[in-house]
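Report on the structure
Each chain, letter by letter, is given below.
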Amino acid sequence: MAVHDTPFLRIQQRLACGDLITASQEIEHWLSLQPDDAGALTTCAHLLRLRGHYQDAAAMLDRSLAVAPRFAPALVEMARLARIQGQLKRAHELWEQAWRIEPEAGDWMGEWVELLQHLQNHPLTARIAEAWCELRPDLPDPWFQLALAHQQNGSTSSALDAYRRVLALNADYPMLRNNLAALHYSMQDYQIALRFCEDAIRANASNHLAWTNAAAIWLKLREPGFACIAAERACALAPNYLTALMTLINALKELQRPDEALDIALRASQFAPADTTVQWALAMLQLQRGDYRNGWANHEARWAGSPELNGAKRLDPDRQWRGEDLTGRTLFVWGEQGFGDALQFARFIPEVARRVQERGKLIYCAFAPLFELFERSLSDHEVDVVPHDTARLPDFDFHIPVGSLPLALGVTLDNLPAPSSYVVTDARRTAYWREKLQRGSGLKVGLVWSGSRTHQRNPLRSVPPALYARAFGSLSGVEFYSLQVDGADEVAAMASDGLEVIDWTKEFQSFDESAALVCNLDLVITVCTSVAHLSGALGVPTWLLLDVNPHWVWMLGRDDSPWYPSIRIYRQQRYGDWLPVLEQVKAELMAMNS
């Protein structure tokens with residue numbers, strides 16, 4: 001049924017501009033003349049919806065569709081009503097029906113796209129928004145929604161193209177510059193992102209989203225002080241906006257203000273107690289200060305709250321072991337997160353084995369590169385060790401991820417098991433490296449300067465190799481060995497800068513091989529990475545270099561570790577400043593070798 005040249009469009013325009021009084025009079029007159037007209041019934045339903053009479057509106061729409069089942073405006077109005085009533089999937093289906101009937105009448109398509117955004121169906125949102133752009137290429141709204149859909153779908157180049165169309169049509173379009181800032185942030189174009197943020201703030205200094213984005217960008221630009229100012233402004237404008245609060249917490253941690261960060265996280269948890277991002281932030285702060293009772297409980301939020309684990313595969317949460325009797329049953333413990341975490345938490349397996357013995361069976365699933373090392377190290381504890389990439393996991397009754405063991409075991413700082421060593425190297429490999437290292441002379445020191453290259457904080461926790469060369473290049477009587485498995489180019493660069501580092505890492509096929517070399521060293525100097533946990537678990541003297549915002553396990557303000565007796569900690573005192581740390585390490589290396 002066509003709606004052109006009827007009162008329908010005129011009344012719709014009155015309703016859109018809020019002239020409900022005149023519209024109600026015209027609808028009443030129209031219905032008196034044509035009580036079964038689909039357009040009259042639909043406009044009446046529209047008016048009833050605006051007045052909050054949802055049941056009456058639905059009844060009116062049923063009458064309209066009974067008269068004209070393919071009357072698209074009635075389907076659109078029914079979709080609006082369904083959305084108000086929380087029937088989001090139904091609303092989508094109705095809008096889709098209307099679109100198929102009248103693909104050229106898309107004045108309402110923005111509402112449909114907005115619904116799809118809410119449903120987080122980004123591929124479909126992009127497809128519908130693209131159809132809207134084809135229908136109305138002269139309007140900025142369709143292009144903005146298309147850009148947003150591409151942005152949320154991770155299609156950055158397509159999003160950028162669509163945003164450029166918006167810029168050409170309306171350079172002052174609301175949220176355009178803020179979204180462009182976020183897009184360039186995701187592309188790691190931080191300077192460009194900052195310029196868009198500053199433009200957005202100049203246009204509207206009360207835009208809490210722009211201030212939040214500015215704070216995140218300043219953190220990436222290594223300016224935590226500026227980030228703190230921007231985040232505090234965002235929080236002042238929107239006190240309960242979680243993204244701003246989380247950004248402020250991160251800035252405060254970089255500024256070595258953990259108590260204030262904890263206060264913010266606790267405040268956030270009061271109005272968002274079920275938010276996993278807040279719980280994860282709390283866990284990191286609580287564990288860092290040794291509050292293991294609360295920290296381990298919040299640590300369970302890592303599967304959704306941690307950026308590194310969000311979306312990671314895990315076994316059925318309903319079958320996770322929570323202290324049930326294991327008599328005649330099999331408990332499956334499995335490695336999670338990174339290699340360092342697996343090494344750190346492996347200390348708890350013997351205690352779990354002790355509790356399972358004579359009642360049930362314990363299986364530990366290890367990351368394949370750690371399999372041989374863990375199989376040997378746990379051989380005396382009646383633990384079946386399997387690699388994570390086995391073709392078929394063994395049957396079990398209960399499972400538990402290894403990072404949940406401290407909570408299950410009630411671990412605190414007072415009862416934390418910290419043996420001098422708890423992993424066992426292969427005797428043949430150990431002898432091979434012992435003989436190989438004996439060909440040299442002097443103090444034998446292993447070096448690591450970078451953690452995982454993809455870790456979000458790796459640029460801050462890593463030491464530039466040139467600084468190692470500057471600090472250690474003039475030392476005599478010390479042989480340096482690379483333990484950085486992906487560092488061949490940096491070894492060559494350090495050699496050019498005057499520091500010779502022996503690199504045999506090509507022979508490292510697994511942690512079993514690297515462990516055999518490490519246990520033959522006099523000392524390991526490393527940043528926060530898996531090698532620190534490996535050398536600590538082996539009981540090898542280890543000097544750990546930490547930036548101002550360390551991983552929770554290393555705590556704050558102490559030069560030892562309750563987890564590893566052989567580790568000594570050297571901490572940055574100023575953000576990003578490694579020189580004083582390396583000067584201290586150099587002095588103590590010289591004293592050690594004198």
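Structural notes, computed from the coordinates.

Rules behind the numbers
Residues numbered from 1 in each chain as written. Predicted model: local features only at pLDDT ≥ 70, side-chain atom pairs only at ≥ 80, totals over all residues. Heavy atoms only, no water. Helix = DSSP H or I, 4+ residues; strand = E, 2+ residues; numbered from the N terminus. Buried < 20%, exposed > 50% of the residue type's maximum accessible area, 1.4 Å probe, protein only. Contact = heavy atoms within 4.5 Å. Phe/Tyr/Trp six-rings, centres within 6.5 Å; stacked < 30°, edge-to-face > 60°. Lys NZ or Arg CZ within 6 Å of the ring centre and 35° of its normal. Pairing = 2+ DSSP bridges. Axes fitted to C-alpha atoms, helices over the stretch in contact; angles between N-to-C directions. Expected span 1.5 Å × (residues − 1). Polar contact = N/O pair within 3.5 Å; in protein donor to acceptor, adjacent residues only side chain to side chain. Salt bridge = Lys/Arg side-chain N within 4 Å of Asp/Glu carboxyl O.

1. Some thoughts on the environment of Leu-309
- Locating Leu-309 in the fold gives a position in the loop between helix 19 (302-305) and strand 1 (330-334).
- Given the relative accessible area of 7%, Leu-309 is considered buried.
- If we skip the residues at most four places from it in the chain, Leu-309 touches Arg-302, Trp-303, Glu-336 and Gln-337.

2. Examining the environment of Thr-43
- Mapped onto the elements, Thr-43 comes out in helix 3 (residues 38-50).
- Judged by relative accessible area, Thr-43 falls into the buried class, the value being 0%.
- Taking C-alpha positions, Thr-43 is 29 Å from Glu-130, a pair spaced 87 residues apart along the chain.
- Beyond its immediate stretch of four places on either side in the chain, Thr-43 contacts Phe-8, Ile-11, Gln-12, Leu-15, Ile-27 and Trp-30.

3. Considering the packing of aromatic side chains
- Evaluated as defined, the whole model comprises 31 aromatic pairs.
- Ring geometry for Trp-296 against Trp-552: centres 5.5 Å apart, planes inclined by 90°, an arrangement best described as edge-to-face. Here Trp-296 is found in helix 18 (residues 292-299), whereas its partner Trp-552 is found in the loop between strand 9 (542-546) and strand 10 (567-571), with 256 residues between them in sequence. Here Trp-296 matches Trp-552 in class, with each residue buried.
- An aromatic cluster is defined as three or more aromatic residues linked by ring pairs; in this entry it consists of Tyr-292, Trp-296, Phe-345, Phe-348, Trp-552 and Trp-563.
- Its end group placed over the ring of Trp-143, Arg-165 keeps NZ or CZ at 4.0 Å from the ring centre.
- Positioned above the aromatic ring of Trp-504 is the side chain of Lys-436, whose terminal nitrogen or guanidinium carbon lies 4.5 Å from the ring centre.

4. Details of the sheet that holds strand 3 (residues 384-387)
- Spatial strand order, 3-2-1-4: 4 strands in an open sheet with parallel pairing. The open sheet terminates on both sides in strands that have one partner only, identified here as strand 3 and strand 4 (398-401). Taken over all neighbouring pairs, the strand axes of this sheet differ in orientation by 25° on average, direction set aside.
- Bridge analysis of strand 1 against strand 4 gives 4 bridges, and the strand direction is parallel. Each residue of the ladder has a partner; that of Val-333, found in strand 4, is Ile-400.
- Contacts from helix 21 (residues 349-356) reach strand 1 and strand 2 (361-366), with the element oriented near 155° to strand 2.

5. Section: helix 3
- Across its 13 residues, helix 3 extends 18 Å between first and last C-alpha, which sits within 8% of the 18 Å expected from 1.5 Å per residue.
- The element helix 3 is extensively covered by neighbouring structure, given that 12 of its 13 residues are classed as buried.
- Of the surrounding elements, those touching the buried residues of helix 3 are helix 1 (7-16), helix 2 (20-33), helix 4 (54-67) and helix 5 (72-84).
- With a side-chain oxygen positioned 2.8 Å from the backbone nitrogen of Gly-39, the residue opening helix 3 is Asp-37.
- After helix 3 finishes, the residue Gly-52 shows a positive phi value of roughly 90°.

6. Notes on the pattern of salt bridges
- Across all of its chains, the model carries 34 salt bridges by this definition.
- Glu-26 is the salt-bridge partner of Arg-10, the closest N and O atoms lying 3.2 Å from each other. Linking Arg-10 in helix 1 with Glu-26 in helix 2, this pair joins segments that are 16 residues apart in sequence.
- Arg-10 sits in the partly exposed class, given a relative accessible area of 39%.
- Residues Asp-138 and Arg-136 are paired through a salt bridge, measuring 3.1 Å at the closest nitrogen-oxygen approach.
- Residue classification places Arg-136 among the partly exposed positions, given a relative accessible area of 29%.
- Taken together, the salt bridges that share partners define one network made up of Glu-372, Arg-376, Asp-426, Arg-429, Asp-512 and Glu-513.

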